[in-house]
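# Survey of secondary and tertiary structure
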Amino acid sequence: MNRKSIKLLIPLLSILSALVVSTLIIALAGRDPLMIFGKMFHATFGSAYGSGQVLFRMTTLIFVALAVALPFQVRLFNIGAEGQLLMGAFVAAMTGTMLPPWVPSTAAISLCIMTAMAAGASWALLAGVLRVRFGVNEVIGTIMLNFIAQGITGYLLTWHFALPSTVHTAPITDAAIIPSFSALTGWFANSPANLSTLLAIGMTLLFRILLFSSRFGYEMRAVGLQPDAARYAGINAGMHALTAMGIGGAAAGLGAANIVLGYRHFYEAGMTGGVGFAGIAVALLAGARPLWILLSALFFGVLEYGGLTVNALIPKDIFMIIEALTIILVIAFNALGRRFG
Amino acid sequence: MTVAVRLSALSKKFGSFSANSNISLSVEKGTIHALVGENGAGKSTLTKIIYGMFRPTSGEIFIDGKAVCFSSPRDAIHSGIGMVHQHFMLIPELTVTENIILGNEPCQIFQRIPLKKSKALILNDATAYGLALDPDALVGSLSIGEQQRVEILKLLFRRAAIMIFDEPTAVLTPLETERFFATLRSLRDKGKSIILITHKLDEVLAVADMVSVMRKGEIVGTIPAASTTKGELAQMMVGRSLLLRVTNPPASPGETVLDINKLCFRTKKGVDRLHDLSFTIRAGEIYGIAGVEGNGQSELLQVLWGLAPEGASIGGEALLRGCSLIGKKPAEIARMGVSHIPEDRLRHAVIANYTVSENFLFGRHRERSFHQGTGFNSSAVNGYTEEMIADYAVSCNSPNRQPLRALSGGNQQKVVLARELSRPAISLLLLAQPTRGVDIGAIETIHQKIIEARTNGVAILLVSSELEEIIALSTRIGCLYKGSIRHTFSQEEVELKRDSAEAFQKEIGLHIT
């Protein structure tokens, strides 16, 4: 078997083994696994609303996975997509509430998206600078910045911007709302799926071009593969580390736009629900390759929403187990593949 | 005399690469046996096998006449073997005593460690071998020489009868080295068998009883230290029968391209690697630097390519046609018309996972002629790649798909050479170990191309550990020893002596040791 087919097989094998294990767990919990999986399938792909829900979740997952995947190419592990997402969400919501009502829709949306991207990017860059200038390991740096982001958004929300007796901000101006598919075309029956999904797919393609067809990506991948050789070739490794983090953070900010501008239309405490961490899983399952992230995000989107729909029958925690198991198996199979491949 | 360690037809392969092949060696009890050879000759692999860190692919090891098979250093330690690594395995936050007994605490688990008793034992050993040390001092506060003594005491504490030292003097000052040799002799006189790995020939002659020379994973000779000379050892270490058949027409050098004037290099730790180094290279000549590795070659190349490690202090001048190279970055230096072929190909010159054609661009990807939009102009790149592949006879069937790692060492080196020599406006080539890890067939092409570039007017700085290569290619030869040029052979001398290469090698050998 050649390398390419092994690479293809590993994620599939991991998903399959994880499903087998979870089937056992469901059976042990006294439920019929086939019935559960069947119900999940119906609730997701079987209904317009369910498909929309999956699409919405997949969109956020794509963005946060890109936020993890790009730094991964230069051997940086961005655990901070959650913090970058939070900052992006808060800033997008603030921009959206502060815009005067006469601003036209395209301008309002673009402005909110750009501020969200800038917030995510600067939060990630902070970790990048800490790493490149001061030698703070990016794993520690991003984890700590996650806490700080939580602290800042939590404080600003509860003390300054929350509407009385709620945990959310005022709604954003109507002009800044990214239209949902159902509002535009009637697809996906009132589900939160919105035009951000197109943006996510576009961004994924852009990332692919950036990485594999541009001179910039050529240098960046070289830094990741062999940093010493890159230095000898006169490539500025530190600069690439920073841009990878910055662009990654901007992608996380776009994920925030999907949630805030496309669905909730305000900032609410706990609205990200740790999806930034799920992004790590999505990126790992895809081996940090942009196009694979689309599939991997779809898989996790189905698990996440599907798990929710069968929550009454089986605790959705089971699906967290599947997600985590898949990742562990991917890593383990990859290691095995390297040893024997 | 009894034999302490005997190796019989020992081989170690990593994949298809033979790190050690068919090694047979006997170390007699109560002697100091030196193992010398260039970097990559296989010394470290061999000692790691003896110390149980690697398992041999084939062959046998006998300790005190008994066949042994170690699966980990633990087994080796039980058989009375001890090793002092080049980088010490000590914990700076613990005291000398604690470090010495670590892993061999004279008590049961959960029992109180008998520190007092251990301390007495250690002091006993220390006085017996003249290793003065404060057993309560923190290891982190000790000098390098003292830390080495701790390592030796650790071996004594474990009652090791066979001691392996890996480059023990690399980090010592001359005074500490003297003292260390005295210790080695007293260890030997008390019946310990010592294996000493080094590439410093002075030291071998000063302290060893027997010397084995390794080259390319094989032992090329074992001789008593008393009956050999530095020159002979150097020649055994670095010389090799290349079957060099390259014709080297007389050079007609032009103006000075590189002017190195009183260049000094001091590491962060204050060790002088280059000291008042001066030489010039003219257009159209190859200046060969002959020398045993570790005499400043790497530092010289690092300075010239703008990659001196942080904290190193550099003095003197390095001028390229009057412009200083010091303090510039590799990309700027490349723009000035300098090209560099580093010695460690896979680590520094290529990205092994990139395709062959991507590697042809590597380091030259900033050149406008390859650009199109934000990406590369594939027809320009393909044209250039095909031309180079044909010109250098690189055997490779699909340069756009084959990763470089799939090519043989010789073909990889041809890719690097083609890329660097075809740089537009190249005036200086820094060329290190051009044929290391290269098969005989490719050597000829590579040498021809180097001579061709010289004839076309490129100034070339050649650093090689192969004396034969230096002699065959160079226009002038500088003998590097301890960071400065000790002797220079002029163009007339080199041209005259090239025909009697063996005698010339011996003569050079005298200047580099």
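Once that is clear, we can look at the overall build of chain B. Of the regular secondary structure elements, chain B holds 18 helices and 22 strands. Relative to a compact globule of 513 residues, whose C-alpha radius of gyration would be 24 Å, chain B shows 25 Å and is just as compact. For chain B, the spread of C-alpha atoms along the principal axes amounts to about 75 × 45 × 40 Å. Looking at the 513 residues of chain B, the share that counts as buried comes to 45%. By sequence separation, contacts in chain B at least 24 residues apart represent 71% of the contacts at least 6 residues apart.

Along the backbone of chain A there are 14 helices and zero strands. Walking chain A from its N terminus toward its C terminus, one meets helices and strands in the order α-α-α-α-α-α-α-α-α-α-α-α-α-α. For 341 residues, the compact-globule estimate of 2.2 N^0.38 gives 20 Å, and the C-alpha radius of gyration of chain A, at 20 Å, lies within 12% of that figure. The proportion of buried residues among the 341 residues of chain A is 51%. Partitioning the intrachain contacts of chain A with sequence separation of at least 6 by distance along the chain shows that 78% fall at a separation of at least 24.

With that settled, the discussion passes to helix H5 (residues 144–157) of chain B. For H5 of chain B, with 14 residues, the first-to-last C-alpha span of 20 Å sits near the 20 Å given by 1.5 Å per residue. Burial analysis of H5 of chain B places eleven of its 14 residues in the buried class, which makes it a mostly covered element.

What links the strands of a sheet is backbone hydrogen bonding, and the strands pair in either a parallel or an antiparallel sense. Residue and element names in this part refer to chain B. Here six strands make up an open sheet; going across it, the order is E16-E19-E20-E13-E21-E22 and the pairing mixed. Two strands in the sheet have a free side with no partner beyond their single neighbour: strand E16 (338–341) and strand E22 (484–489). In this sheet, neighbouring strand axes are inclined to one another by 20 degrees on average, regardless of whether the strands run parallel or antiparallel. Bridge count for strand E13 (residues 286–290) against strand E21 (residues 476–481) is four bridges, and the pairing is parallel. Following the sheet pairing, glycine 288 is matched in E21 by isoleucine 477. Here helix H9 (residues 297–304) sits on the sheet and contacts E13, strand E19 (428–432), strand E20 (459–463) and E21; the angle it forms with E19, its principal contact strand, is near 150 degrees.

Located in the positive-phi region is alanine 288 of chain A, a residue other than glycine, with phi close to 60 degrees. Topologically, alanine 288 of chain A is positioned in the loop between helix H12 (275–285) and helix H13 (290–309). For alanine 288 of chain A, a count of 19 C-beta atoms within 10 Å translates into the label partly exposed. Phi at alanine 425 of chain B is positive, roughly 60 degrees, even though this residue is not glycine. With respect to the helices and strands, alanine 425 of chain B occurs in the loop between helix H14 (409–421) and E19.

All names here are of chain B. In terms of domain boundaries, chain B breaks down into domain 1 (3–238), domain 2 (251–337 + 428–437 + 460–513) and domain 3 (345–424). At the level of secondary structure, the elements contributing two or more residues to the side of domain 1 that touches domain 2 comprise helix H7 (201–207) and helix H8 (230–238). Classifying every residue of the side of domain 1 that touches domain 2 by side-chain character gives three nonpolar, four polar and three charged.

All right, on to the interface of chain B and chain A then. Of the residues lining the interface, 18 residues belong to chain B; the matching set on chain A comes to 14 residues. Only helix H10 (330–335), helix H11 (345–349) and strand E18 (375–376) of chain B provide two or more residues apiece to the side of chain B that touches chain A. When the residues that make up the side of chain B that touches chain A are grouped by side-chain class, the tally is ten nonpolar, six polar and two charged.

It is worth spelling out the nonpolar core at this point. If you look at the biggest cluster of nonpolar residues, it comprises 245 residues, and the most contacted ones within it are Ala65, Leu66, Ala89 and Val282 of chain A together with Leu430 of chain B. Broken down by element, this core gets its largest block of residues, 15 residues, from helix H3 (residues 48–73) of chain A. Those residues in contact with leucine 66 of chain A, other than ones at most four positions away along the chain, are Met203, Thr204, Phe207, Gly248, Ala251, Pro290 and Ile293 of chain A. Residues Ile26, Ile36, Ala43 and Ile314 of chain A belong to the second largest nonpolar core, which totals six residues.

All names here are of chain B. Take lysine 230: it is sitting in helix H8. Judged by C-beta crowding, with 16 C-beta atoms within 10 Å, lysine 230 ranks as partly exposed. Remark: the alpha-carbon pair of lysine 230 and serine 465, spanning 235 residues in sequence, is separated by 16 Å. The contact partners of lysine 230, leaving out residues within four places of it in the chain, are Leu201, Asp202, Leu205 and Thr513.

A few words now on the packing of H3 of chain A against H13 of chain A. Residue and element names in this part refer to chain A. Packing of H3 against H13 brings their axes to within 7 Å, and their N-to-C directions diverge by 135 degrees. Judged on the interaxial angle alone, H13 and H3 are oblique. Relative to H13, the crossing made by H3 is right-handed. Seen from H3, the contacting residues are Gly50, Gln53, Val54, Arg57, Met58, Leu61, Ile62, Ala65, Leu66 and Ala69; seen from H13, they are Pro290, Ile293, Leu294, Ser296, Ala297, Leu298, Phe300, Gly301, Val302, Glu304 and Tyr305.

The next point concerns the packing of helix H8 (residues 196–213) of chain A against H13 of chain A. Residue and element names in this part refer to chain A. It is the contact of H8 with H13, at a shortest axis distance of 8 Å, that shows an interaxial angle of 150 degrees. The angle between H8 and H13 falls in the class roughly antiparallel. Residues Ile201, Thr204, Phe207, Arg208 and Leu211 of H8 pack against Pro290, Leu291, Ile293 and Leu294 of H13. In terms of residue class, the contact of H8 with H13 is built from seven nonpolar, one polar and one charged.

Our next topic: the sheet that holds strand E10 (residues 218–224) of chain B. Residue and element names in this part refer to chain B. Ordered in space as E6-E7-E8-E3-E9-E10, the six strands form an open sheet in which the pairing is mixed. Looking at which strands have only one partner, the edges of the open sheet turn out to be strand E6 (81–84) and E10. The average angle at which neighbouring strand axes cross in this sheet is 20 degrees, direction not considered. In terms of strand pairing, E6 meets strand E7 (residues 162–166) through four bridges, oriented parallel. Within E7, the residue paired with glycine 82 across the bridge is methionine 163. With respect to the sheet, helix H1 (residues 43–50) is in contact with strand E3 (32–36), E6, E7, strand E8 (193–198) and strand E9 (210–215), its orientation differing from that of E7 by roughly 150 degrees. Contacting E3, E7 and E8, helix H6 (residues 174–189) crosses the sheet at an angle of about 150 degrees to E8.

With that settled, consider the pairing of strand E4 (residues 58–63) of chain B. All names here are of chain B. Sheet topology note: the strand E1 (residues 3–14)/E4 ladder contains five bridges and is antiparallel. Counted as the bridge partner of leucine 7 is isoleucine 61 from E4. Where E4 hands over to strand E5 (residues 66–68), the hairpin turn is made up of two residues, of which aspartate 64 adopts a positive phi near 50 degrees.

To continue, consider the environment of glycine 311 of chain B. Residue position: glycine 311 of chain B is located in the loop between H9 and strand E14 (313–320). Taking the C-alpha atoms as reference points, glycine 311 of chain B and alanine 160 of chain B, 151 residues apart in sequence, are found 39 Å from one another.

The next thing to look at is the pairing of E8 of chain B. Residues and elements named next belong to chain B. Summarising burial for E8: six of the six residues are buried, a large majority. The alternating pattern of E8 places Ser193, Ile195 and Ile197 on one face and Ile194, Leu196 and Thr198 on the opposite face, and all of these are buried. In this structure, E3 lies alongside E8, joined through five bridges in parallel fashion. The residue of E8 that forms the bridge with leucine 35 is isoleucine 197. In this sheet, E8 lies alongside E7 in parallel orientation, the contact comprising five bridges. Paired with methionine 163 across the bridge in E8 is isoleucine 194. Handedness of the β-α-β unit built from E7, H6 and E8 comes out right-handed.

Definitions and limits used
Residues numbered from 1 in each chain as written. Chains lettered and ligands numbered in written order. Predicted model: local features only at pLDDT ≥ 70, side-chain atom pairs only at ≥ 80, totals over all residues. Helix = DSSP H or I, 4+ residues; strand = E, 2+ residues; numbered from the N terminus. Rg over C-alpha atoms; globule rule 2.2 N^0.38 Å. Buried ≥ 20, exposed ≤ 12 C-beta atoms within 10 Å, placed from the backbone. Contact = placed C-beta atoms within 7 Å. Expected span 1.5 Å × (residues − 1). Pairing = 2+ DSSP bridges. Axes fitted to C-alpha atoms, helices over the stretch in contact; angles between N-to-C directions. Domains from an automatic or database assignment. Nonpolar A, V, L, I, M, F, W, Y, C, P; charged D, E, K, R; others polar. Core = buried A, V, L, I, M, F, W, Y, C linked by C-beta atoms within 7 Å. Parallel < 35°, antiparallel > 145°, perpendicular 65-115°, else oblique. Left-handed = near helix turned anticlockwise from the far one by under 90°. Right-handed = clockwise from strand over helix to strand, strands pointing away.

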